[in-house]
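Analysis of the macromolecular model
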Amino acid sequence: MTTKYQFSTQSIHCPNQDPHGALTPPIYSTVSFQMKNPGKLTSHYDYTRSGNPNFDQLSHTLAKLEKAKYCSVFSSGMAAITSILSSLKSGDLVITEKELYGPTYRIINQVFQKFGLKNIALDLSQQDSIKKIKRYQPALVWIETPTNPSLKILNIRQIATTAHQAKALLAVDNTFASSFCQQPLIHKADLSIFSTSKYISGHGASLAGAVCTNHSKWKEKLDFAQKAIGLNPSPHDAWLTSLGLKTLALRQEKHQKNALAFVKHLQQYLSLPHKILKRLLYPLDPNHPQHHQAQKQMNGGSGIVTAEFTLPLTTIKKLISSFKLFILAESFGTPESLVNHPATMTHSSLSKKERQKAGITDGLIRFSLGLEDSQDLIQDFETTLKKIL
Ligand SMILES: *Cc1c(COP(=O)(O)O)cnc(C)c1O
């Protein structure tokens, strides 16, 4: 299919090879594919661990959306991450952004470290840290942008250029932004990895992940990892993800609209004399510290808003457990709005001191704005806050 189409068209119209012309293709729930004679395949599939039409449908569409030559799909975001890390070798150094999705940090330092992988974490929003990349000579640099939960925006192009000067590759975890808001390969990243369990599938109903790249050697490595380690998704989850992907553009527009309305509402609390709100973070808010960089490399702001309140922990806990519409749960990118308390949930494995250093205070709340009516969401926030205070 041509690439001249815009994002929303491209996400809906993918190649249709169904012999019956089914608009929604079937789920190829099969382990094996019949061979013509030993070694001669009917099509190019033999065994679902190493390939399945549902995987190809999803990966072709994702590659187009990420402006990538290749894409491989996996059973989860963590399986996608495993496919990359398992392609490195003992003694290789991975420089990671300091503010990393917890399980990514854990798999590097508690799983792959046992096999000789080395890790140095740096704050890559700082120029002097970016300069250090050359000195350390890593095999791979690994970032997320926006970061979780502080929504720091890192300069993908600058970090990629520096990594390349050091003969290293840059991997960007694109889960928070999703392919709609950001296409890291355009900014010279080598690998764009993401969990499709969040915005891409969009309904919180299927777990899967993907890696996009323009390097044919890396496509081979990713596919090798898929079959050698068994990182393939289920055909059903790949099918569900393809279905969800068709409405990604529509959903992201609404997530952003709701996030902007919520930010606008919360801003009044920043200027009250007895401040209950200390910091408000959203990439498209002109007050965001790296707003300029966000405008340069993002096509949208996504639906996550982080707010730091000055309220004591007990009040915060009561607040986040009392909303009617903001559901207290891990994850984001679902139709339902979710609320998360990083200090006791996603980042509870860090010590209090580490959390303080990373700016993850007890008052920090991460909101994932869903697809509900923005006025209802604001009302839910207001009523609950008034009741608690
Ligand atoms: C959720 C998430 C992952 C892991 O994805 P799973 O599908 O849950 O395995 C990786 N990176 C980021 C930034 C995430 O939010």
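Residues numbered from 1 in each chain as written. Predicted model: local features only at pLDDT ≥ 70, side-chain atom pairs only at ≥ 80, totals over all residues. Heavy atoms only, no water.

**Brief notes about the overall build of the chain**
A tally of helices and strands in the chain yields 14 helices and 14 strands. A compact globule built from 389 residues should have a C-alpha radius of gyration of about 21 Å, and the chain, at 21 Å, falls within 12% of that. Dimensions of the chain, computed from C-alpha atoms along their principal axes, come out at roughly 80 × 50 × 35 Å. Scored against the burial criterion, the 389 residues of the chain give a buried share of 54%. Across the chain, every contact between residues at least 6 apart in sequence was considered, and the portion connecting residues at least 24 apart equals 71%. Taking the average place of the 44 positive charges on the side chains of the chain and the average place of its 27 negative ones, the gap between the two points comes to 5 Å. (Helix = DSSP H or I, 4+ residues; strand = E, 2+ residues; numbered from the N terminus. Rg over C-alpha atoms; globule rule 2.2 N^0.38 Å. Buried < 20%, exposed > 50% of the residue type's maximum accessible area, 1.4 Å probe, protein only. Contact = heavy atoms within 4.5 Å. Lys, Arg positive; Asp, Glu negative; His and termini not counted. Charge placed at Lys NZ, Arg CZ, Asp CG, Glu CD.)

**Looking at the packing of helix α5 (residues 127-136) against helix α6 (residues 156-165)**
Remark: α5 packs on α6, axes separated minimally by 7 Å, with the N-to-C direction vectors making an angle of 25°. Taken together, α5 and α6 sit at an angle that is classed as roughly parallel. The two elements α5 and α6 cross, and the hand of that crossing is right-handed. When α5 is examined against α6, the residues Gln 127, Ile 130, Ile 133 and Lys 134 are found in contact with a partner set consisting of Gln 158, Ile 159, Thr 162, Ala 163 and Gln 165. Looking at the contact of α5 with α6 residue by residue, the classes come out as four nonpolar, four polar and one charged. (Axes fitted to C-alpha atoms, helices over the stretch in contact; angles between N-to-C directions. Parallel < 35°, antiparallel > 145°, perpendicular 65-115°, else oblique. Left-handed = near helix turned anticlockwise from the far one by under 90°. Nonpolar A, V, L, I, M, F, W, Y, C, P; charged D, E, K, R; others polar.)

**Looking at the sheet that holds strand β5 (residues 118-122)**
A sheet is described by the order of its strands in space; here seven strands give the open sequence β3-β9-β8-β7-β6-β4-β5, paired in mixed fashion. The strands lining the two open edges of the sheet, one partner per strand, are β3 (70-74) and β5. Adjacent strand axes in the sheet meet at a mean angle of 20°, parallel and antiparallel pairs treated alike. Relative to strand β6 (residues 140-144), strand β4 (residues 93-97) runs parallel, the two being bridged by three bridges. For Val 94, the partnering residue across the bridge sits in β6 and is Leu 140. On the sheet, helix α4 (residues 102-111) packs against β4, β5 and β6 and is oriented at approximately 145° with respect to β5. (Pairing = 2+ DSSP bridges.)

**Description of the pattern of salt bridges**
Taken as a whole and assessed by the stated rule, the structure comprises eight salt bridges. With a shortest N-O distance of 3.3 Å, Lys 89 and Asp 92 are connected by a salt bridge. Accessibility expressed as a relative area gives 57% for Lys 89, which makes it exposed. Put simply, Asp 223 and Lys 219 hold a salt bridge, and the shortest N to O gap is 3.1 Å. Of this pair, Asp 223 and Lys 219 both sit in helix α8 (residues 216-230), four residues apart, which is roughly one turn of the helix. Of the residues examined, Asp 223 reaches a relative accessible area of 29% and is grouped as partly exposed. What you see here is one network of salt bridges that share partners, running through Glu 97, Asp 123 and Lys 152. (Salt bridge = Lys/Arg side-chain N within 4 Å of Asp/Glu carboxyl O.)

Read these as spatial facts, not as claims about activity.
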